Amino acid sequence: MEISLLKALLSNISSFLNLSSFENINSEPVQKYNQRAEDILKLLKPILNTIVGSEIASDEVLNMVFKGLGCSIEELREQFESWQPLLSKVYFVMEAESLNSKIRNCSLDILQFLKSSPQHLPEELSSASLEHYLQKIKHVGYEQTSPVIREAIRDKVDSVGPSSEILVKIAESLSLRSNQEILIEVVALEKLKENAEQDEKTDEAEFIDEMIALVTRMRDQLVLIKQSETCSPVPIPTDFCCPLSLELMTDPVIVASGQTYERAFIKQWIDLGLTVCPRTRQTLAHTNLIPNYTIKALSLNWCESNNVKLPDPMKSMSLNQPYPLLVHAESGLPRDSNSFPYSRSSQPMSPESRSRSQTIWRLLSERSGIEYRVDLSGIENQVKNLVEDLKSTSVDTQREATAHLRLLAKHNMDNRVIIANCVAISLLVNLLQSPDTKTRGNAVTALLNLSINDNKKTAIANANAIESLIHVLEKGSPEAKENSAATFISLSVIVDNKVKIGRSGAIKPLVDLLGHGTPRGKKDAATALFYLSIIHENKARIMQAGAVRHLVESMDPAAGMVEKAVAVLANLATIPEGRTAIGQEGGIPMLVEVVELDSARGKENAAAALLQLCTNSNRFCCVVLQEGAVPPLVALSQSGTPRAKRKAQALLSYFRNQGYWNNGRG
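Residues numbered from 1 in each chain as written. Predicted model: local features only at pLDDT ≥ 70, side-chain atom pairs only at ≥ 80, totals over all residues. Heavy atoms only, no water.

Asker: Please explain the overall build of the protein chain as it appears in this structure.
Answerer: Counting its secondary structure elements, the protein chain contains 33 helices and three strands. Within the protein chain, the proportion of its 666 residues that are buried is 50%. A separation threshold of at least 6 residues defines the contact pool for the protein chain, and within that pool the share at least 24 residues apart is 71%. A total of about 30,600 Å² of accessible surface is found on the protein chain, and carbon and sulfur atoms cover 49% of it. (Helix = DSSP H or I, 4+ residues; strand = E, 2+ residues; numbered from the N terminus. Buried < 20%, exposed > 50% of the residue type's maximum accessible area, 1.4 Å probe, protein only. Contact = heavy atoms within 4.5 Å. Areas by Shrake-Rupley, 256 points an atom, 1.4 Å probe, with all protein chains shown as cover.)

Structure follows, in structure tokens:
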């Protein structure tokens, strides 16, 4: 049976190596990852052929590796065969790189095992030849994108935000070269998130949500830079620019969602098989394109008034156009006026022309009953009606209105701005005290979605939301408690809000949620406490609420939140009562284990916490050494993140200087 595993593996490898005839294999991003796997398997296959039928091929340990390698090859082949251009490139790359790493590691394990058992090898194989192939596979190196993506997501969660350089690197690696490709990526990721939520895969859905936020940030920067490229002192009204091309529209059309696009671009979008509105993500009830004569007339008038020439939409129709804007942003070089597609005439506009233009503008606006934001008038009217419903004395009406506002605020930035401008925030805050559970839940989720806009975070806090969010934390449904904690995360990005939240009494219910909430609620509570613990005065409050015991319990890998718990403990370890509680609650062995076995960020924060504990207490220093911290600290000092290296080296130096440890060098 064991030999058949090897033959099955060889069959898998042969099938994989024959994928070159498959039509998907030469498309991006499949080609790159196929080549990487091929390079490894072509080196491994001759070795495996040599040991077929030999005694060593029946080894139990080796067969476990054969089985794992076969599964990884099969999974990667399925990934390649199922790839389509409308699927998520980010998700594909994360999966493909993980499987490629497994294939590489299994191959190295096989060769290492064979090399360590020379007495059982066929005569054709020597230790020297195995070492040769080992080195060749080790040198099949490549730059991975997934660690960059994970680091960018981590930076975003930590409110640092990925740099322009990182966004460029990710965009180039994924071949996201245009605004339209980025929007396709967002649509694909949202579909994956929806599937994960339906399958109740909460952690996967959360991670995909972070990927969506990262790609959305990439697009937001692209839009801002595109807008800044103009040399015109008169800003181009947003509603005259196509959300797909980011250029002035020459033939604007309305789709089923009520949004307006350049005809050529939205037609290409629909022809690709995409049936959702790029801007709102609503499913399009039909694909009819209705000319938007009002926008066209207003746009032409604006161009005439400002001596701007309309672009040719066909010149930028290619989905594979370069990705110049983010690159320009990073270069810091002056932008040439020719880089912007609208050329401004050097001739000033005559007073007669300006007067005529203003008159036409006024007449067109009066005739249509709208001004610049024609696309959003339907949403504005809908929101105004919903805001009126929030004032109703009917519980059913309030429940329905909050549910609609919750959905409107979910994805679209324009919707969030409209909802806030219609004075909905204070009404939603009031409804956090509603006796109706569903209304409370809808209201807190709507506020969470509105708080995504940074300029609304302060407005929400100033509307006395903090006290009402505490009420939801204490009395709400499990989901409402989760969203209340998530809203505190969002609000606490603002420094002043950190202070307000800490002084308001929110920390105790957040700690209670950390100890007794749902898995998602615990994670949100830990993240909120991390942000709040950045402010020194909040650390004592977190300690008084008994957070350390729950944080140490959360360091059980089965809880899935080691990294979050350690990040909070690292902040709390900077005060005496924090260090005492960590020692009393048995946190030191857990921190040492994190330094040895956890993620890069977890190791970094664990080392920071241990440094505080040891340099402030001889007793804790002895406990840390007794737990065997030196070997993992030495490893971390050589291969951790820059901050982790600094912390590990400082701690090892302290051990040596105090005479606790004199063996070797850190």
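Asker: I'm lost on unusual backbone geometry in this one. Help?
Answerer: Leaving glycine out, the prevailing phi sign among residues is negative, and the prevailing peptide bond configuration is trans. For R281, which is not glycine, the phi dihedral falls at a positive 70°. Relative to the helices and strands, R281 resides in the loop between α10 (263-271) and β3 (290-291). Notably, V423 is not glycine yet its phi reads approximately 60°, a positive angle. Among the secondary structure elements, V423 is positioned in the loop between α16 (413-421) and α17 (424-431). The exposure class assigned to V423 is exposed, which follows from its relative accessible area of 54%.

Asker: Hey, could you run me through the packing of helix α30 (residues 600-616) against helix α31 (residues 618-626) in this one?
Answerer: A pair of packed helices is captured by two measures, namely the crossing angle of their axes and the spacing between those axes. Across the interface, α30 lies against α31 with an axial gap of 5 Å and an inter-helix angle of 130°. On the basis of their axis angle, the class for α30 and α31 is oblique. Residue-level contacts link L610, L613, C614 and N616 of α30 to N618, F620, C621 and V624 of α31. Residue classes in the contact of α30 with α31 are distributed as six nonpolar, two polar and no charged. (Axes fitted to C-alpha atoms, helices over the stretch in contact; angles between N-to-C directions. Parallel < 35°, antiparallel > 145°, perpendicular 65-115°, else oblique. Nonpolar A, V, L, I, M, F, W, Y, C, P; charged D, E, K, R; others polar.)

Asker: Even after reading the chapter, I still don't get the environment of K647, so can you show me in this structure?
Answerer: Assignment of secondary structure puts K647 in helix α33 (residues 642-657). Residues K647 and A609 lie 38 residues apart in sequence; the distance between their C-alpha atoms is 9.1 Å. Other than its neighbours up to four places away in sequence, K647 contacts A607, A608 and L611.

Asker: Sorry if this is basic, but what is going on with the packing of aromatic side chains here?
Answerer: Here the distance between the centres and the angle between the planes together describe a pair of aromatic rings. The full count for this structure, using the stated rule, is five aromatic pairs. Their ring planes at 35° and their centres at 6.1 Å tell us that F80 and F92 sit as a pair that is tilted. Linking F80 in helix α3 (residues 60-82) with F92 in helix α4 (residues 89-115), this pair joins segments that are 12 residues apart in sequence. Exposure remark for F80: the relative accessible area of 0% places this residue in the buried category. For the ring pair W83 and F92, a centre distance of 5.1 Å and an interplane angle of 55° mean the geometry is tilted. We note that W83, like F92, is buried. Every member of this aromatic cluster is reached through a ring pair, and the members are F16, Y33, F80, W83 and F92. (Phe/Tyr/Trp six-rings, centres within 6.5 Å; stacked < 30°, edge-to-face > 60°.)

Asker: Got a minute to help me understand the confidence of the model for the protein chain in this structure?
Answerer: Parts of the prediction with low pLDDT should not have their coordinates interpreted in detail. Per-residue pLDDT for the protein chain has a mean of 81; in total, 85% of the residues score no lower than 70. Averaged pLDDT values for the elements of the protein chain fall to 40 in helix α13 (residues 351-368) and rise to 94 in helix α23 (residues 507-516). (pLDDT = per-residue confidence, 0-100.)

Asker: Any chance you could explain the sheet that holds strand β2 (residues 260-262) here in plain terms?
Answerer: One open sheet accounts for three strands, arranged β2-β1-β3; its pairing is antiparallel. Only two strands of the sheet have a single neighbouring strand rather than two, namely β2 and β3. With two bridges connecting them, strand β1 (residues 252-254) and β3 associate as antiparallel partners. From the neighbouring strand, I254 faces β3, where its bridge partner is I290. Where α10 meets the sheet, it contacts β1, β2 and β3, and its direction lies at approximately 95° from that of β2. (Pairing = 2+ DSSP bridges.)

Asker: How should I be thinking about the nonpolar core in this particular structure?
Answerer: Within soluble globular proteins, side chains that are nonpolar tend to cluster in buried spots. Membership of the largest hydrophobic core comes to 99 residues, with the highest contact counts inside it found for V383, L428, F488, L591 and F655. Broken down by element, this core gets its largest block of residues, eight residues, from helix α27 (residues 562-572). In this view, L428 contacts L390, T402, L405, A443, A446, L447 and L450; residues no more than four positions away in its chain are not counted. Listed in part, the 69 residues of the second largest apolar core include L19, I170, L174 and A205. (Core = buried A, V, L, I, M, F, W, Y, C linked by side-chain atoms within 4.5 Å.)

Asker: So what exactly am I meant to see when it comes to α10 here?
Answerer: Given 3.6 residues to a turn, an α-helix orients residues that are three or four positions apart in the same direction. Inspection of α10 places A264, F265, I266, W269 and I270 among the buried residues, and these make up the whole buried set. The inward-facing, buried residues of α10 abut α8 (179-198), β1 and β2. Where α10 terminates, the next one or two residues include G273, which has phi positive at roughly 100°.

Asker: Help me understand the pattern of salt bridges in this model?
Answerer: Close approach of charged atoms allows side chains with opposite charge to pair. Inspection of the entire model under this criterion finds 23 salt bridges. Ionic pairing is found between R520 and E206, a salt bridge with its closest N-O pair at 3.3 Å. Here the residue R520 occupies a position in helix α24 (residues 519-533), and E206 occupies one in helix α9 (residues 202-228), the gap between them amounting to 314 residues. The class of E206 is partly exposed, set by a relative accessible area of 23%. Here R503 ties to E537 by a salt bridge, and the two come within 2.8 Å at their closest N and O atoms. Highlighted residues: R503 in helix α22 (residues 495-504) and E537 in helix α25 (residues 536-544), separated in sequence by 34 residues. For R503, a relative accessible area of 57% gives the class exposed. We classify E537 as partly exposed; its relative accessible area is 29%. It is possible to trace a salt-bridge network through shared partners that takes in E151, R601, E604 and R643. (Salt bridge = Lys/Arg side-chain N within 4 Å of Asp/Glu carboxyl O.)

Asker: Please clarify how the packing of α22 against α25 should be interpreted in this entry.
Answerer: Put simply, α22 and α25 touch, their axes get as near as 10 Å, and they point 30° apart. Considering their axes alone, α22 and α25 lie roughly parallel with respect to each other. Pair α22 / α25 crosses with left-handed handedness. For the pair α22 and α25, contact is made by K498, V499, G502 and R503 and by E537, N538 and R541, respectively. By residue class, the composition of the contact of α22 with α25 is one nonpolar, two polar and four charged. (Left-handed = near helix turned anticlockwise from the far one by under 90°.)

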